[in-house]
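What follows is each chain in one-letter form.
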Amino acid sequence: MAEEQGQVREDEQLDPEREARRRLALAQIRQYPDPVLRMRAIEIESFDDDLRRLVERLTQLMQDARGVGLAGTQVGTLQRVFVFQPTEEDEPRALVNPVLVDASEETLSETEGCLSMLGVTIPVERPVKVTIEGKDETGGEVRLELEEHAARVVQHELDHLDGIMILDRTTPEARREALGILRPEPVLGAIS
């Protein structure tokens, strides 16, 4: 069974074919500090074949990358859509134009990872329960009341659509450590 952290599913070891698919998928996901990751996505107005193809692409990339969620901004499209699949047993779902309508006062700090910041896991405090509304890829109304891990995943993805990353939601110490991984300091040596 995979251990899930934020947006990333951690596996012990993948077979060579699955690892190759994972690497190919990750190569198509924008990485920090790509500027599109800091941009706010715009509302989707057309529920057409293009949107359905985008949802299919996001779902396939998320699954191949061994993720639990993926937002449009992470593949360079500024459209308010994300897909998520909190556990491998869950069916993948798409949320278009999602809005967080309620969140519990109770919060919990847990470690999160992100497909756009490989190698980084940091503590993020989030509400334990949320209610989120939006539409599916066909334009049908969706209202989800989620708890714990599923609630954390949709909050993470919704943040992506608003240009917010886990770096913005962690402690100053964890942020410094993560930035050290993402942008290592150059090694200065003696000049001969």
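Counting from 1, residues in each chain are numbered in the order their sequence is written. Selection of residues for local features in this predicted model requires a pLDDT of at least 70, selection of side-chain atom pairs for listing and counting requires 80 or more, and totals for whole chains, interfaces and linings are taken over all residues. Values shown for side chains rest on all heavy atoms present in the structure; no hydrogens or waters enter the calculation.

K.L.:
What exactly am I supposed to notice about the environment of Gln31 here?
P.N.:
Of note, Gln31 is situated in the loop between helix H1 (16–27) and helix H2 (49–64). Buried residues are those whose accessible area, probed at 1.4 Å on protein chains only, stays under 20% of the maximum for their type, while exposed residues exceed 50% and partly exposed ones sit between those limits. Assessed through its relative accessible area of 28%, Gln31 is described here as partly exposed. Distance from Gln31 to Val75, taken between C-alpha atoms, is 9.4 Å for residues 44 residues apart in sequence. We call two residues contacting when some pair of their heavy atoms lies within 4.5 Å. What Gln31 contacts, discounting residues up to four positions off in sequence, is Leu26, Leu37, Leu115, Ser116, Met117 and Leu118. Any pair of N or O atoms that falls within 3.5 Å is considered a polar contact. Within protein, one atom must be able to donate a hydrogen and the other to accept it, and sequence-neighbouring residues count only if both atoms are side-chain atoms. Of note is the side chain of Gln31, whose polar atom sits 2.8 Å from the backbone oxygen of Leu115. A run of H or I in DSSP becomes a helix once it reaches four residues, and a run of E becomes a strand once it reaches two; helices and strands are each numbered from the N terminus.

K.L.:
What's the story with helix H3 (residues 148–161) in this structure? I'm lost.
P.N.:
Because an α-helix packs 3.6 residues into every turn, residues spaced three or four apart end up facing the same way. To estimate the expected span of a helix, subtract one from its residue number and multiply by 1.5 Å. Over its 14 residues, H3 extends 21 Å from the first C-alpha to the last, a length consistent with the 20 Å expected when each residue adds 1.5 Å. Most of H3 sits out of view: 13 of its 14 residues are buried. Within two residues after H3, Gly163 carries a phi angle of roughly 75 degrees, on the positive side.

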